[in-house]
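Understanding the architecture of this molecule
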Amino acid sequence: MAGVAVCPGSFDPVTLGHVDIVRRARTMFDEVVVAVGVNAAKTPLLDDETRVALFAAAVEDMPGVRVVAMPGLLADLCREVGATSIVKGLRGGADFDAEHPMALMNRHLSGVDTVFLVGAASLSHIASSMVRDVAKHGGTIDDLVPDGVADAVHAALEVRRNKGESR
Ligand code: PNS
């Protein structure tokens, strides 16, 4: 499959599962654009710049992959970068249930189809929300995320603790 794939997400934080999907997408597409959702209504643990920088560092050895901030609609970004497909990873049926309406909406808005990839089974238990939770409760996340991410997550949690925030 030639063309340009966009891999969108919050990536709060990027995990080994995300990197696996991007690597698989890159074997199928000429270019992969990772789109980090920013300015979202929900407040992420990691700020926008950090989420972009951590993903960029995780794919720096992958030619044909770049990471951009996505401040608006995915459909607009698809037009901007000339996307031929949107790529999302599926860990199971619950992921599909969540992704299906988004795929329909994105096709409605942009005409671009979503391609679902199944990642490595060994990574299918990894979700950013759980990574944050494990770290928050003192568990080890180093083997769930790319290099440098665990330190950033712990630093952000420390900032929250110092501010007296519990999330
Ligand atoms: O990792 P997530 O939280 O599932 O990612 C969600 C994301 C960023 C892909 C989604 O919120 C998104 O596409 N945001 C951009 C705004 C948009 O286009 N919304 C309408 C399409 S459903």
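Check the entry above for the structure.
One structure accompanies this document, and this report is about it. It should be emphasised that the depicted structure is a prediction, and the values quoted were computed from it without experimental measurement. Positions within a chain are numbered from 1, following the residues in the order the chain's sequence is written. It should be noted that, the model being predicted, local features are given only for residues of pLDDT at least 70 and side-chain atom pairs only at 80 or more, the latter also being counted only at that level, while totals for whole chains, interfaces and linings use all residues. Just so you know, side-chain values use all the structure's heavy atoms and leave hydrogens and water out.

A look at the side chain of Arg160
Tracing the backbone through its elements, the reader meets Arg160 in helix 6 (residues 149-163). On the accessibility criterion, Arg160 (10% relative accessible area) is buried. Only 3.1 Å separates the side chain of Arg160 from the backbone oxygen of Pro44, close enough to count as a polar contact. Here a strand is any run of E in DSSP of at least two residues, a helix any run of H or I of at least four, and the numbering for each starts at the N terminus. Accessible area is worked out with a 1.4 Å probe on protein chains only. A residue is then buried under 20% of its type maximum, exposed over 50%, and partly exposed in between. A 3.5 Å cut-off defines polar contacts: any pair of N or O atoms within that distance qualifies, except that in protein one atom must be a possible hydrogen donor and the other a possible acceptor, and neighbouring residues in sequence count only when both atoms are side-chain atoms.

Considerations on the site of the ligand
Any residue with a heavy atom positioned within 4 Å of a molecule or strand is treated as near that molecule or strand. Neighbouring the ligand are the residues Pro8, Gly9, Ser10, Lys42, Met70, Gly72, Leu73, Leu74, Lys88, Met102 and Asn106. In the environment of the ligand, an oxygen atom lies 2.6 Å from a nitrogen or oxygen atom belonging to the side chain of Ser10. The protein chains hide 68% of the 540 Å² of surface that the ligand would expose on its own. Sorting the residues of the shell around the ligand by element identifies strand 1 (4-9) and helix 4 (93-110) as the ones contributing at least two each. Class assignment for the residues of the shell around the ligand results in 5 nonpolar, 4 polar and 2 charged. Only the protein chains shown count as cover for residues, and all accessible areas are computed by the Shrake-Rupley method using a 1.4 Å probe. Residues are grouped as follows: Ala, Val, Leu, Ile, Met, Phe, Trp, Tyr, Cys and Pro are nonpolar; Asp, Glu, Lys and Arg are charged; every other residue, Gly included, is polar.

A look at the sheet that holds strand 5 (residues 113-118)
For two strands to be treated as a pair, DSSP must find no fewer than two bridges joining them. Sheet architecture is open: 5 strands sit in the order 3-2-1-4-5, paired in parallel fashion. Looking along the sheet, the strands with just one partner apiece sit at the ends: strand 3 (65-70) and strand 5. Ignoring which end each strand starts from, the neighbouring axes of this sheet average 30° apart. Of the strand pairs in this sheet, strand 4 (residues 85-90) and strand 5 are connected by 6 bridges, and their pairing is parallel. Within the sheet, the bridge partner assigned to Val87 lies in strand 5 and is Val115. Most of the contacts of helix 3 (residues 74-81) go to strand 1, to which it runs at about 150°, and overall it touches strand 1, strand 2 (31-37), strand 3 and strand 4. Helix axes are fitted to C-alpha atoms over the stretch in contact, other axes to C-alpha atoms as well, and angles between N-to-C directions run from 0 to 180 degrees. We call two residues contacting when some pair of their heavy atoms lies within 4.5 Å.

Description of the pairing of strand 1
Where burial is concerned, most of strand 1 is hidden: 5 out of the 6 residues are buried. With 6 bridges joining them, strand 1 and strand 2 adopt parallel strand pairing. The residue of strand 2 that forms the bridge with Ala5 is Val32. When the strands point away from the viewer and the connection leading from the first strand across the helix to the second strand turns clockwise, the crossover is called right-handed. Once the chain exits strand 1 it traverses helix 1 (residues 16-28) before rejoining the sheet at strand 2, and the crossover so formed is right-handed. Two elements, strand 1 and strand 4, share 2 bridges in a ladder whose sense is parallel. Its bridge partner being in strand 4, Ala5 is matched across the sheet by Ser85.

Nothing here speaks to function; it is all geometry.
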